[in-house]
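# Examination of the molecular architecture
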Amino acid sequence: VRIFVAGATGVLGQRLVPLLLSEGHVVAAMTRTPSKLESIVSTGAEPVLCDVYDVASLNVAITDFGPEVVIHQLTDLPDDASRIGEFGARNSRIREEGTRNLLSAARAAGASRFIAQSVAWKLSGSGALAKTYLETAVLGAGGVVLRYGQFYGPGTFFESELPEHPRIHIDQAAQQTLIALDAPSSVIEVVET
Ligand SMILES: NC(=O)c1ccc[n+]([C@@H]2O[C@H](COP(=O)([O-])OP(=O)(O)OC[C@H]3O[C@@H](n4cnc5c(N)ncnc54)[C@H](OP(=O)(O)O)[C@@H]3O)[C@@H](O)[C@H]2O)c1
């Protein structure tokens with residue numbers, strides 16, 4: 001299956017891409033950061049340099065690849081958890097405008113499946129509105145919403161301690177994402193019990 005992954009270099013995406021490739025899928029991996037292209041090439045995925053807010057380039061990139069599945073793993077979060085407050089507006093923007101742009105480009109490219117990252121916990125204020133926007137838009141397009149617990153493990157905000165529930169180890173989160181490839185349109189919780 002041809003799969004286009006937006007957010008391929010994020011903490012989840014960088015684990016997901018090799019799993020998809022190992023299952024025999026043909027994968028395009030998108031980043032907005034030129035310095036990350038080389039590491040994408042080394043995975044065996046097709047690198048795509050594109051900013052999700054550049055609508056024209058995004059449409060060309062997705063149509064050119066011609067995916068059956070588009071996976072949205074975009075977030076706009078800091079590496080340092082203590083700065084998360086400063087990124088609220090940016091992360092909401094990517095959940096709203098980023099999701100809208102990706103859905104529209106996926107539709108124009110004739111992709112038949114759309115899978116997107118959401119969170120399993122309650123947000124407040126504009127964060128809650130952005131989460132609802134993303135989930136409603138994805139389900140409205142017949143897609144699958146993955147509500148992940150708080151990630152922990154290497155590269156996450158919780159490298160050496162466990163976050164509160166809902167939570168999920170980042171490797172398990174990537175593995176369980178594969179379930180969405182064959183799932184009907186729905187909300188799926190990706191959390192440990
Ligand atoms: N459920 C959870 O607990 C959860 C979920 C997500 C993240 N986090 C935490 O957040 C921290 C940062 O994670 P991260 O590195 O995955 O997140 P990130 O820096 O927010 O990036 C995620 C992905 O989105 C892409 N992206 C962001 N803005 C973009 C834009 N305008 N156009 C195209 N692509 C764009 C990034 O591409 P680039 O390669 O260009 O940067 C990257 O592939 C980690 O500590 C992680 O644990 C937690």
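All of the points below concern the structure found in this document.

Reading guide: rules and limits
Position numbers for residues start from 1 in each chain and track the written sequence from start to end. Only residues with pLDDT of 70 or above have their local features reported here, since the model is predicted, and side-chain atom pairs are shown and tallied only from 80 upward, although totals for entire chains, interfaces and linings are computed over all residues. Hydrogen atoms and water are omitted, and side-chain values are computed over all heavy atoms in the structure. Any residue with a heavy atom positioned within 4 Å of a molecule or strand is treated as near that molecule or strand. Any N or O atom pair separated by 3.5 Å or less is treated as a polar contact, with the protein-specific requirement of one donor-capable and one acceptor-capable atom, and with residues adjacent in sequence counted only for side-chain atom pairs. All accessible areas in this document rest on Shrake-Rupley with a 1.4 Å probe, and a residue is counted as covered only by the protein chains that are shown. The definitions used throughout rest on a 1 Å grid laid over the protein atoms alone, on which a cavity is an enclosed set of points accommodating a 1.4 Å probe that cannot get out and a pocket is an open set flanked by protein within 12 Å on both sides along at least five of seven lines; lining residues are those having an atom within 4 Å of a point. Each molecule is checked against the cavity or pocket grid, and it sits inside if more than half of its atoms lie within 2 Å of the grid points. Here a strand is any run of E in DSSP of at least two residues, a helix any run of H or I of at least four, and the numbering for each starts at the N terminus. When residues are grouped by polarity, Ala, Val, Leu, Ile, Met, Phe, Trp, Tyr, Cys and Pro land in nonpolar, Asp, Glu, Lys and Arg in charged, and all others, Gly among them, in polar. The buried label goes to any residue with under 20% of its type's maximum accessible area, the exposed label to any with over 50%, and the partly exposed label to all in between, with areas taken from a 1.4 Å probe on protein chains only. Here, two residues are considered to be in contact whenever any of their heavy atoms come within 4.5 Å of each other. What is meant by a nonpolar core is a set of buried Ala, Val, Leu, Ile, Met, Phe, Trp, Tyr and Cys residues, joined one to another through side-chain atoms within 4.5 Å. Every axis corresponds to a line fitted to the C-alpha atoms, with the helix fit spanning only the stretch in contact, and the corresponding angles, defined between N-to-C directions, vary from 0 to 180 degrees. Orientation categories follow fixed angle ranges, with anything under 35 degrees roughly parallel, anything over 145 roughly antiparallel, 65 to 115 roughly perpendicular, and all other angles oblique. Helix crossings get a hand from a simple test, with the near helix turned counterclockwise from the far one by less than a right angle marking a left-handed crossing and a clockwise turn marking a right-handed one. Note: two strands are recorded as paired if DSSP finds a minimum of 2 bridges between them.

## Focus: the site of the ligand
Contacts to the ligand come from 29 residues, most closely from Thr9, Val11, Thr31, Thr33 and Phe151. Measuring from an oxygen atom of the ligand, one finds a side-chain N or O atom of Arg32 at 2.8 Å. In isolation the ligand exposes 900 Å². Once the protein is present, 93% of that is buried. Counting atoms within 2 Å of the grid points, the majority share of the ligand lands in the largest pocket. For the shell around the ligand, the secondary-structure elements that each account for two or more residues are strand S2 (26-31) and strand S7 (150-152). A breakdown of the residues in the shell around the ligand according to their chemical character gives 13 nonpolar, twelve polar and four charged.

## Digging into the side chain of Asn101
Locating Asn101 in the fold gives a position in helix H4 (residues 88-108). Residue class for Asn101 comes out buried when judged on its relative accessible area of 10%. Within polar-contact distance, the side chain of Asn101 engages the backbone oxygen of Val52 at 2.9 Å. When neighbours within four sequence positions are excluded, Asn101 is seen to be in contact with Val52, Tyr53, Val55 and Leu58.

## Remarks on the nonpolar core
Core analysis: the biggest nonpolar cluster contains 28 residues, and Val5, Leu12, Leu20, Ile71, Ile115, Leu146 and Leu181 have the highest contact counts within it. Contributing elements (two or more residues each) for this core: strand S1 (2-6), helix H1 (13-22), S2, strand S4 (69-72), strand S6 (144-148), helix H6 (170-177) and strand S9 (186-190). Discounting chain neighbours no more than four positions away, the residues touching Val5 are Val17, Leu20, Val27, Ala28, Ala29, Met30 and Ile71. One finds Ala6, Val52, Leu102 and Ala105 within the second-largest nonpolar core, a separate group that totals 25 residues.

## Section: the packing of H1 against H6
It is the contact of H1 with H6, at a shortest axis distance of 9 Å, that shows an interaxial angle of 45°. Classed by the angle they form, the pair H1 and H6 counts as oblique. Crossing geometry of H1 relative to H6 is assigned as right-handed. Contact residues: H1 offers Arg15, Leu16 and Leu19, while H6 offers Ile170, Asp171, Ala174, Gln175 and Thr177.

## Thoughts on the sheet that holds S4
Spatial ordering of the open sheet is given by S3-S2-S1-S4-S5-S6-S9, a layout of seven strands whose pairing is parallel. Where the open sheet ends on each side, the last strands, each with one partner, are strand S3 (46-49) and S9. Adjacent strand axes in the sheet meet at a mean angle of 20°, parallel and antiparallel pairs treated alike. Across five bridges, S1 lies against S2 in parallel orientation. Bridged to Ala6 within S2 is Met30. Here helix H3 (residues 55-65) sits on the sheet in contact with S1, S2, S3 and S4, set at roughly 155° to S1. Of the strands in this sheet, S4, strand S5 (113-119), S6 and S9 touch helix H5 (residues 125-140), which is tilted by about 160° from S5.

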